[in-house]
Amino acid sequence: AAGVIQSPRHLIKEKRETATLKCYPIPRHDTVYWYQQGPGQDPQFLISFYEKMQSDKGSIPDRFSAQQFSDYHSELNMSSLELGDSALYFCASSLTTGVGWSNQPQHFGDGTRLSIL
Amino acid sequence: AQTVTQSQPEMSVQEAETVTLSCTYDTSESDYYLFWYKQPPSRQMILVIRQEAYKQQNATENRFSVNFQKAAKSFSLKISDSQLGDAAMYFCAYRSAEGGSNYKLTFGKGTLLTVNP
């Protein structure tokens, strides 16, 4: 079965640079979520999109922005990168409408490991 | 806001033995889901088991089962016949199921499980 695809798997940037992370959800999933997991931490919710509209916002810095495109893939754009942005960034997708939607879990991609030098 | 607490930062178990990981949560909602995710050294987030709050019957998935105590807001994971491949970080997570709510996952801090041969 198709899974959530994230690219790139690894990304190395320097301070003050920008980065773009991409996520391709499972086909027919209508909701995409972004999470940030710092070293030794639990994943923290950043932002979500439902049918290409932002549906919820968590602890996402103003330097970060995200969007979901017409083909449902999503991108997380990060500017003025700081050392503290070094983390594993997960994208997850799920179905939140339709019959039995509430029983559907979020499926995670393998993550993008972002390292800031 | 919902909170999830995992009071055991680390646990260890002998291969083939049984281990129980604890999780408590706090919420004012009546309709929600609880999950256990496994994160091995590869850092993937793998769904282990889920529980619907309105179901009294505890969920089971092969060697994994939960003890869901809604009144006590407790959701422990039991792993039977532990295998070396079970070694991982285990996260307990909460998700609302109420209409009009956001559906982000709120994670606990995790429990690192070591399986000794």
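Treat the numbers as computed from the prediction; the structure is a model and nothing was measured. (Residues numbered from 1 in each chain as written. Chains lettered and ligands numbered in written order. Predicted model: local features only at pLDDT ≥ 70, side-chain atom pairs only at ≥ 80, totals over all residues. Heavy atoms only, no water.)

Chemist: Describe the overall build of chain B, listing the residues and the values that go with them.
Modeler: Check the secondary structure of chain B and you find zero helices and twelve strands. Mapped in sequence order, the helices and strands of chain B form the string β-β-β-β-β-β-β-β-β-β-β-β. Here chain B has a C-alpha radius of gyration of 14 Å; the compact-globule value for 117 residues is 13 Å, and the two agree. Counting across all 117 residues of chain B, residues that qualify as buried make up 48%. In chain B, once contacts between residues fewer than 6 apart in sequence are set aside, the share between residues at least 24 apart is 56%. (Helix = DSSP H or I, 4+ residues; strand = E, 2+ residues; numbered from the N terminus. Rg over C-alpha atoms; globule rule 2.2 N^0.38 Å. Buried < 20%, exposed > 50% of the residue type's maximum accessible area, 1.4 Å probe, protein only. Contact = heavy atoms within 4.5 Å.)

Chemist: I'd love a proper account of the overall build of chain A, names of residues and values included.
Modeler: On a plain count of helices and strands, chain A comes out with zero helices and eleven strands. Across chain A, helices and strands are ordered from the amino to the carboxyl terminus as β-β-β-β-β-β-β-β-β-β-β. Projected onto its principal axes, the C-alpha positions of chain A cover 45 × 25 × 20 Å. Across the 117 residues in chain A, those meeting the buried criterion constitute 47%. Of all intrachain contacts in chain A linking residues separated by at least 6 positions in sequence, the fraction that spans at least 24 positions is 55%. Here chain A displays about 5,600 Å² of accessible surface, and carbon together with sulfur accounts for 50% of that area. If you average the places of the 10 positive and of the 12 negative side-chain charges in chain A, the two averages end up 4 Å apart. (Areas by Shrake-Rupley, 256 points an atom, 1.4 Å probe, with all protein chains shown as cover. Lys, Arg positive; Asp, Glu negative; His and termini not counted. Charge placed at Lys NZ, Arg CZ, Asp CG, Glu CD.)

Chemist: Tell me about the sheet that holds strand β7 (residues 64-68) of chain A, residues and numbers included.
Modeler: Residues and elements named next belong to chain A. One open sheet accounts for four strands, arranged β1-β3-β8-β7; its pairing is antiparallel. Single-partner strands in this sheet number two, and they are β1 (5-7) and β7. Each adjacent strand pair in this sheet contributes to an overall mean axis angle of 15°, direction not counted. (Pairing = 2+ DSSP bridges. Axes fitted to C-alpha atoms, helices over the stretch in contact; angles between N-to-C directions.)

Chemist: Let's hear about the pattern of salt bridges: which residues, and what values?
Modeler: All names here are of chain A. Tallied over the entire structure, the rule returns eight salt bridges over all chains. Note that Glu75 is salt-bridged to Lys22, the shortest N-O span being 3.9 Å. With Glu75 in strand β8 (residues 74-78) and Lys22 in strand β3 (residues 19-24), this pair connects stretches of sequence that are 53 residues apart. Judged by its relative accessible area of 13%, Glu75 falls in the buried class. Close ionic contact of Arg63 with Asp85 constitutes a salt bridge, the shortest N to O distance being 2.9 Å. Pair noted here: Arg63 is in the loop between β6 (53-57) and β7 and Asp85 is in the loop between β8 and β9 (87-94), with a separation of 22 residues, a long-range link. One continuous salt-bridge network, built from bridges that share partners, spans Arg63, Glu82 and Asp85. (Salt bridge = Lys/Arg side-chain N within 4 Å of Asp/Glu carboxyl O.)

Chemist: So what's going on with the interface of chain B and chain A? Residues and values would help.
Modeler: Chain B puts 20 residues into the contact, and the matching count from chain A is 20 residues. Both faces considered, chain B and chain A share a buried interface measuring about 1,900 Å² in area, 50% of it formed by carbon and sulfur atoms. In this structure, the connection of chain B to chain A is made through one salt bridge. When the shortest N-O distance is used, the salt bridge between A:Asp42 and B:Lys109 registers 3.2 Å. The interface formed by chain B and chain A holds six residue pairs in polar contact (both at pLDDT 80 or more) in total. For the side of chain B that touches chain A, the secondary-structure elements that each account for two or more residues are β5 (32-39), β6 (46-52) and β10 (88-96) of chain B. Residues belonging to the side of chain B that touches chain A are distributed by class as follows: ten nonpolar, four polar and six charged. (Buried area = accessible area lost by both parts, 1.4 Å probe. Polar contact = N/O pair within 3.5 Å; in protein donor to acceptor, adjacent residues only side chain to side chain. Nonpolar A, V, L, I, M, F, W, Y, C, P; charged D, E, K, R; others polar.)

Chemist: Can you explain the environment of A:Leu95? Please cite residues and give values.
Modeler: Looking at where A:Leu95 falls in the secondary structure, it is placed in the loop between β9 and β10 (107-108). Each C-alpha atom, one on A:Leu95 and one on A:Asp42, is 23 Å from the other, the two residues being 53 residues apart in sequence.

Chemist: Residues and numbers for the state of the cysteines, please.
Modeler: Counting across every chain of the model gives two disulfides over all chains. One disulfide bridge connects A:Cys23 with A:Cys91, the sulfur atoms lying 1.8 Å from each other. Handedness here is read from the sign of the S-S torsion; for A:Cys23 and A:Cys91, about -55°, the answer is left-handed. In this pair, A:Cys23 sits in strand β3 while A:Cys91 sits in strand β9, placing the two residues 68 residues apart along the sequence. Given the relative accessible area of 0%, A:Cys91 is considered buried. Covalent S-S linkage joins B:Cys23 and B:Cys92, the inter-sulfur distance amounting to 2.0 Å. Because the torsion about its S-S bond is -70°, the bridge between B:Cys23 and B:Cys92 counts as left-handed. Taken together, the positions of B:Cys23 in the loop between β3 (19-21) and β4 (24-26) and B:Cys92 in strand β10 put the pair 69 residues apart, joining distant regions of the chain. Here the two residues B:Cys23 and B:Cys92 agree in accessibility, since each one is buried. (Disulfide = S-S within 2.5 Å.)

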